[in-house]
Amino acid sequence: GCRARTTKQKARLERLEDLKANHQLVITLEDGVLDGGFGEKIARYYGDSEMKVKNYGLKKEFADRFVLEELLKENHLTDTQITNEIREIIDKKQD
């Protein structure tokens, strides 16, 4: 019921708060379109804090008859692109 939902929401918020103690960066990877996804909620939650949030996902556009590798590359979603970008963010934080 409603009470269980509130308890789950509190637990999620506590986990997000706990991340602030020993993390500087949160990465989200959408399983679809970036706009309106879970990552936006996380970014909004950390909006006024020092936490950096980087969201990955597809651009909001219709993709018909596409080559998956090309679609991923165009959206900066290949393993190499994501890894390199995260390393750059971490390196900037350490400077």
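Our structure's up above, just so we're on the same page.
About the criteria used
Residues numbered from 1 in each chain as written. Predicted model: local features only at pLDDT ≥ 70, side-chain atom pairs only at ≥ 80, totals over all residues. Heavy atoms only, no water. Helix = DSSP H or I, 4+ residues; strand = E, 2+ residues; numbered from the N terminus. Contact = heavy atoms within 4.5 Å. Polar contact = N/O pair within 3.5 Å; in protein donor to acceptor, adjacent residues only side chain to side chain. Phe/Tyr/Trp six-rings, centres within 6.5 Å; stacked < 30°, edge-to-face > 60°. Buried < 20%, exposed > 50% of the residue type's maximum accessible area, 1.4 Å probe, protein only. Pairing = 2+ DSSP bridges. Right-handed = clockwise from strand over helix to strand, strands pointing away.

### A few points about the environment of Glu17
Here Glu17 shows up in helix H1 (residues 2–22). Distance from Glu17 to Lys54, taken between C-alpha atoms, is 17 Å for residues 37 residues apart in sequence. When sequence neighbours within four positions are dropped, the list of residues in contact with Glu17 reads Tyr45 and Tyr46. Here Tyr45 takes part through its side chain, which lies 2.5 Å from a polar atom of the side chain of Glu17.

### Comments concerning the packing of aromatic side chains
One pair of aromatic rings is described through two measures. These are the centre distance and the angle between the planes. Per the counting criterion, the structure on display carries 1 aromatic pair. Their ring planes at 80° and their centres at 5.1 Å tell us that Tyr45 and Tyr46 sit as a pair that is edge-to-face. Residue classification places Tyr46 among the buried residues on the basis of a relative accessible area of 1%.

### A closer look at the pairing of strand E2 (residues 52–58)
Taken together, the 6 bridges between strand E1 (residues 25–33) and E2 define a ladder with parallel strand orientation. Within E2, the position partnered with Leu25 by the bridge is Lys52. Crossover E1 to E2 through helix H2 (residues 38–45) is right-handed.

### What to know about unusual backbone geometry
For residues other than glycine, phi is negative in most cases, and the peptide bonds are mostly trans. With a phi close to 50°, Arg65 is a non-glycine residue in the positive phi region. Among the secondary structure elements, Arg65 is positioned in the loop between E2 and helix H3 (68–74). Although it is not a glycine, His76 sits at a positive phi angle of roughly 55°. Overall, His76 belongs to the partly exposed group, its relative accessible area being 44%.

### A few points about the environment of Ile90
As for its position among the elements, Ile90 is in helix H4 (residues 79–94). For Ile90, a relative accessible area of 37% corresponds to the partly exposed category.

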